[in-house]
Amino acid sequence: MVVDGVTKASFDELVEIETNDGERRLGKVLEVGSGKAVVQVFEGTTGLAITGTRVKFLGKTMAMPVSQELLGRVFDGLGRPNDGLPDPVADKFLDVNGEPMNPQSREYPTSFIQTGVSVIDGMLTLVRGQKLPIFSGSGMSHNILAAQIARQATVVGTNEDFAVVFAAIGVQYSEAQYFKRSLEESGALKRSVLFVNLADDPAIERIITPRVALTVAEYLAFDLGMHVLAILTDMTNYAEALREISAAREEVPGRKGYPGYLYTDLANNYERAGRIKGKNGSVTQMPILSMPADDITHPIPDLTGYITEGQVVLGRDLFRKGIYPPVNVMMSLSRLMKDGVGEGKTRSDHMEVGNQLYDAYSRAQEVRALAEIVGKAGLTGVDLKYLDAGDSFETHFLKQSPDENRNLDETLSRAWDILATLPEGELTKIKDKHIQQYYKGSK
Amino acid sequence: MSLNSLERTIDKVLSQKESALISEIDSALQNSLKNLESSKSSLQVEYDNIIESSKKQAENLKRQIIGSSTLNARNKELVIIESAIDEIFIKAKEKLAKSNNEKNYEKLLTRLIQDSSTKLGSEIIIQCNKTDLNLVKKLVSQESSNRKSKITVSDEVVDIIGGIKAASVDGTMSLDNTLDSNIESLKPLIRKEIVQLLRGENK
């Protein structure tokens, strides 16, 4: 919407639009100049008449009222209550664009977050303050995994408060209901804040949703000292909205039509994770994005991968085999795992077991490929054991029920069960003392 | 072969068969005992698993019940507080509507008229409620002579508790300087103070 006769509007300024019927909508200034302001209306421009529509420049950017009372509440994509309850009483109002974290005051993430999902806890450990995205594909079970992590995630062995901020971006109504029900039924809603932006909501709302969610996450973490896990699903919808708005502004398109500043924009969101020296809380981010046509070189996963500290990739083959969660561990990595596991943090054998599982599963994949050519009869005894270990890894370790919450001991115990199918001599990544303590196979 | 030797042979065969059967029964018994013994341990594991999973389920259920009860209680509190806030606002507005005789109110109206004139330009049209009409006309005539601006007071009154609505002559720009809109914009801050009072958090 273009407003004429504007003299003092500012970029990003919030605008209230009143229709002829008295309906009020919100928008923000995208561009100003030559006495005109380009305003993007959050709720869409349908029904706005050229004459009679009134515009009020509010002289402020979009702010989110924050307080501890946000926990247990459900909001729409703009941060307005969506659960039939009154507006939250604000402790303060924070600009949704956030303030950049001083790099000097950032603290390196080193503490473990248990998700209850074996493959993540055992091999792709999430660390407080980390940003670890999940790369998925259309129709795969990323939303089920997101909801499971939101229900189960916890910091183990401390009495520190833990909260989940869940932002559903451009999701279908049924998916939104699933997230809400899932948190309600598990009793996890009381420590969660849910933001729901539906697929039929205007594109501009999707741009705001992660910002509003991260503003709340930062408040809970750095003002109230909580450990916050922010799950943003689906960031692909966010990037699509960014492309739509960029096209409307007639900007020069970049790769696949996305704006040239896609990297900067994604970084603005992803970098709102971490820990601050001298403060108790942390913001850990798990953005979820579905890769168009499962293409990991697509601009969205590609640029995301540059910013985040690793990635969890869901594999189509495993999904087709009926394995949940279908995490393709060979494509996945948690770059901060090494700093968040081990003696005094999780268990002394954790890192070694994770590495050995990678090694064994990688070898199993090679043996599978070989077996397809020469047949099982052409394999050596050790190869056959790796084949068994690979199958066992998928069925005993990787596969788990969406409502199964495994603690770390159970996860590592299952890992040792798989390693028990291999001869002791093959465990080259594990120290002897750990083999003596945990190895269950025949010596 | 004599009858005696036939009987002896039969006895011998019977005895051999008997001992073979007894040995088979013994071995079957031993096997059964062994199976029973091994089943005991696997049954114990199964039993432990069932107990463990039931405990987990019970724990989850407990957490779920406590969680949803706490949340429901909190939500009910929010609704009660909100209705109290609404009541307080209604009473405050009633009180404000009756405050047009106070001297401070005259000062406030003067400030609002000046503010509207500054923001919208020298030629503006002002609307107010029926009670304030004469007062506004008086203040506007003072203001017009002081500031050399052309301020017109519309005889068309509006339903507001106080303050003024101003618009530019061509109607393209308007300014809502009513008490109603000022209360609305300050509502989030006032709500916080009311809640603190209700919860006894104010020091």
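Residues numbered from 1 in each chain as written. Chains lettered and ligands numbered in written order. Predicted model: local features only at pLDDT ≥ 70, side-chain atom pairs only at ≥ 80, totals over all residues. Heavy atoms only, no water.

Check the secondary structure of chain A and you find 13 helices and 19 strands. A compact globule built from 443 residues would reach a C-alpha radius of gyration of about 22 Å, and chain A, at 24 Å, matches this within 12%. With the C-alpha coordinates of chain A rotated into their principal frame, the extents come out at 85 × 50 × 40 Å. Counting across all 443 residues of chain A, residues that qualify as buried make up 56%. Considering only contacts in chain A between residues 6 or more positions apart, those separated by 24 or more positions represent 71%. Total accessible area computed for chain A in this model is approximately 18,100 Å², and 48% of it derives from carbon and sulfur atoms. The average position of the 48 basic charges and that of the 59 acidic charges among the side chains of chain A differ by 2 Å. (Helix = DSSP H or I, 4+ residues; strand = E, 2+ residues; numbered from the N terminus. Rg over C-alpha atoms; globule rule 2.2 N^0.38 Å. Buried < 20%, exposed > 50% of the residue type's maximum accessible area, 1.4 Å probe, protein only. Contact = heavy atoms within 4.5 Å. Areas by Shrake-Rupley, 256 points an atom, 1.4 Å probe, with all protein chains shown as cover. Lys, Arg positive; Asp, Glu negative; His and termini not counted. Charge placed at Lys NZ, Arg CZ, Asp CG, Glu CD.)

All right, on to the environment of B:Lys148 then. Residue and element names in this part refer to chain B. Position of Lys148 relative to the elements: it lies in the loop between helix H3 (133-147) and strand S2 (150-153). Look at Lys148 and you get exposed, because its relative accessible area is 78%. With 26 residues separating them along the chain, Lys148 and Ser122 place their C-alpha atoms 7.9 Å apart.

Before going further, it helps to spend a moment on the nonpolar core. Residue and element names in this part refer to chain A. The biggest cluster of nonpolar side chains holds 69 residues, and the ones touching the most others in it are Val119, Ile149 and Ile231. In terms of residues, this core owes the most to one element, helix H10 (residues 350-374), which gives seven residues. Looking at this core, you find at least three residues from each of domain 2 (63-340) and domain 3 (350-438). Among residues more than four places away in sequence, those in contact with Val119 are Leu124, Pro325, Val327, Val329, Phe397 and Leu398. Counting residues in each nonpolar core, the second largest holds 56 residues, with Phe42, Ala163, Leu232 and Ile307 among its members. (Core = buried A, V, L, I, M, F, W, Y, C linked by side-chain atoms within 4.5 Å. Domains from an automatic or database assignment.)

What characterises a pair of aromatic rings is the spacing of the ring centres plus the angle enclosed by the ring planes. Residue and element names in this part refer to chain A. Using the criterion set out here, one finds six aromatic pairs over all chains in the structure. Centroid distance Phe393 to Phe397: 5.4 Å. Interplanar angle 25°. Geometry classified as stacked. Pair noted here: Phe393 and Phe397 are both in helix H11 (residues 381-398), with a separation of four residues, about one helical turn. The buried category is assigned to Phe393, whose relative accessible area is 1%. Members of the aromatic cluster, each reached through a chain of ring pairs, are Phe166, Tyr178 and Phe179. (Phe/Tyr/Trp six-rings, centres within 6.5 Å; stacked < 30°, edge-to-face > 60°.)

Residues and elements named next belong to chain A. Domain boundaries in chain A define domain 1 (2-57), domain 2 (63-340) and domain 3 (350-438). Taken over C-alpha atoms, the centre of domain 1 sits 30 Å from the centre of domain 2. Contact residues are listed per partner, giving 10 residues for domain 1 and nine residues for domain 2. In this assembly, domain 1 packs against domain 2 so that about 830 Å² is buried in total across both faces, 61% of it on carbon and sulfur atoms. Scanning the region where domain 1 abuts domain 2 turns up zero salt bridges. The tally of links from domain 1 across to domain 2 stands at one residue pair in polar contact (both at pLDDT 80 or more). Contributions of two or more residues to the side of domain 1 that touches domain 2 are made by strand S3 (24-33) and strand S4 (36-41). A total of three residues in the side of domain 1 that touches domain 2 trace back to one element, the largest contributor, which is S3. Of the residues assigned to the side of domain 1 that touches domain 2, the class counts are four nonpolar, two polar and four charged. (Buried area = accessible area lost by both parts, 1.4 Å probe. Salt bridge = Lys/Arg side-chain N within 4 Å of Asp/Glu carboxyl O. Polar contact = N/O pair within 3.5 Å; in protein donor to acceptor, adjacent residues only side chain to side chain. Nonpolar A, V, L, I, M, F, W, Y, C, P; charged D, E, K, R; others polar.)

Facing 20 residues of chain A, the contacting portion of chain B comprises 16 residues. Of the roughly 1,600 Å² buried at the junction of chain A and chain B (both faces included), carbon and sulfur atoms supply 56%. When the buried surface of chain A facing chain B is broken down by residue, A:Glu69, A:Val89 and A:Lys190 rank first, second and third, together holding 29% of it. Our count for the contact surface shared by chain A and chain B stands at three salt bridges. A salt bridge links A:Glu69 to B:Arg199, with the nearest nitrogen and oxygen atoms 2.8 Å apart. Inspection of the chain A/chain B interface yields nine residue pairs in polar contact (both at pLDDT 80 or more). Tallied by class, the residues present in the side of chain A that touches chain B amount to eight nonpolar, four polar and eight charged.

Let us now look at unusual backbone geometry. Residue and element names in this part refer to chain A. For the bond running from Thr233 to Asp234, omega is 10°, close enough to zero to count as cis. One can find Asp234 in the loop between strand S15 (227-233) and helix H5 (235-248). Here the amide bond leading from Tyr324 into Pro325 is cis, since omega sits at -5°, within 30 degrees of zero. Located in the positive-phi region is Asp12, a residue other than glycine, with phi close to 75°. Structurally, the position occupied by Asp12 is in the loop between strand S1 (2-4) and strand S2 (14-18). Unlike most non-glycine residues, Ala293 shows phi in positive territory, near 55°. Position of Ala293 relative to the elements: it lies in the loop between strand S17 (282-291) and helix H7 (299-307).

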